[in-house]
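Take a look at the letters that make up each chain.
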Amino acid sequence: MDYVLLLITLGLFIYFSYVLFLGDRNIFKLIQKERTKNSLEQEVSQLQLENKILQDTIDFLKSDRFFIEKKAREDLGLMKKDEEIYVIIDENAPKRKKEERWIDKVKQKYQEFKLQ
């Protein structure tokens, strides 16, 4: 009787040791998953902060009259009434190919859509 109880106890001990250290949900995997979870939560927190900063910047730039005027002049080539624009060209500067502006891309897409 004592041997049977000892064998059952030893069997249960081996079973629980196996589950704890070698099973599908062993303690090592749980610790690794917890570390991964903490790392991902920290990354999400940093990305949310960065996203908030970028959204604040977008909101500011949408309402900043100086920035809007600057972009209209540079990207769209607009100017105020009775304003003269001087372009200074440095002949010694290395030649670079023409950069495509966003408005050119919009025009190109419009032309493609118009042809369809």
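Residues numbered from 1 in each chain as written. Predicted model: local features only at pLDDT ≥ 70, side-chain atom pairs only at ≥ 80, totals over all residues. Heavy atoms only, no water.

1. Re the overall build of the chain
Consideration 1: When helices and strands are tallied, the chain shows 4 helices and 0 strands.
Consideration 2: In the chain, the order of α-helices and β-strands from amino to carboxyl end is α-α-α-α.
Consideration 3: When the accessible surface of the chain is summed, it comes to about 12000 Å², and 62% of that surface belongs to carbon and sulfur atoms. (Helix = DSSP H or I, 4+ residues; strand = E, 2+ residues; numbered from the N terminus. Areas by Shrake-Rupley, 256 points an atom, 1.4 Å probe, with all protein chains shown as cover.)

2. As for the pattern of salt bridges
Consideration 1: With the rule as written, the count across this model stands at 2 salt bridges.
Consideration 2: Between Asp-56 and Lys-52 there is a salt bridge, with the nearest N and O atoms lying 3.2 Å from each other. You can see Asp-56 and its partner Lys-52 sitting in helix 2 (residues 27-63), 4 residues apart, about one turn around the helix.
Consideration 3: Taking the shortest distance from any N to any O, the salt bridge between Glu-69 and Lys-80 comes out at 3.7 Å. Taken together, the positions of Glu-69 in helix 3 (residues 65-76) and Lys-80 in the loop between helix 3 and helix 4 (102-115) put the pair 11 residues apart, joining distant regions of the chain.
Consideration 4: Overall, the relative accessible area of 47% leaves Lys-80 in the partly exposed class. (Salt bridge = Lys/Arg side-chain N within 4 Å of Asp/Glu carboxyl O. Buried < 20%, exposed > 50% of the residue type's maximum accessible area, 1.4 Å probe, protein only.)

3. So, unusual backbone geometry
Consideration 1: For Asp-82, which is not glycine, the phi dihedral falls at a positive 60°.
Consideration 2: Residue position: Asp-82 is located in the loop between helix 3 and helix 4.

4. Describing the environment of Asn-26
Consideration 1: Among the structural elements, Asn-26 can be located in the loop between helix 1 (2-21) and helix 2.
Consideration 2: Once residues lying within four places of it in the same chain are set aside, the contact partners of Asn-26 are Val-19, Leu-20 and Phe-21. (Contact = heavy atoms within 4.5 Å.)

5. Observations regarding the environment of Val-19
Consideration 1: Looking at the element boundaries, Val-19 is found in helix 1.
Consideration 2: Apart from residues lying up to four places away in sequence, Val-19 is in contact with Arg-25 and Asn-26.

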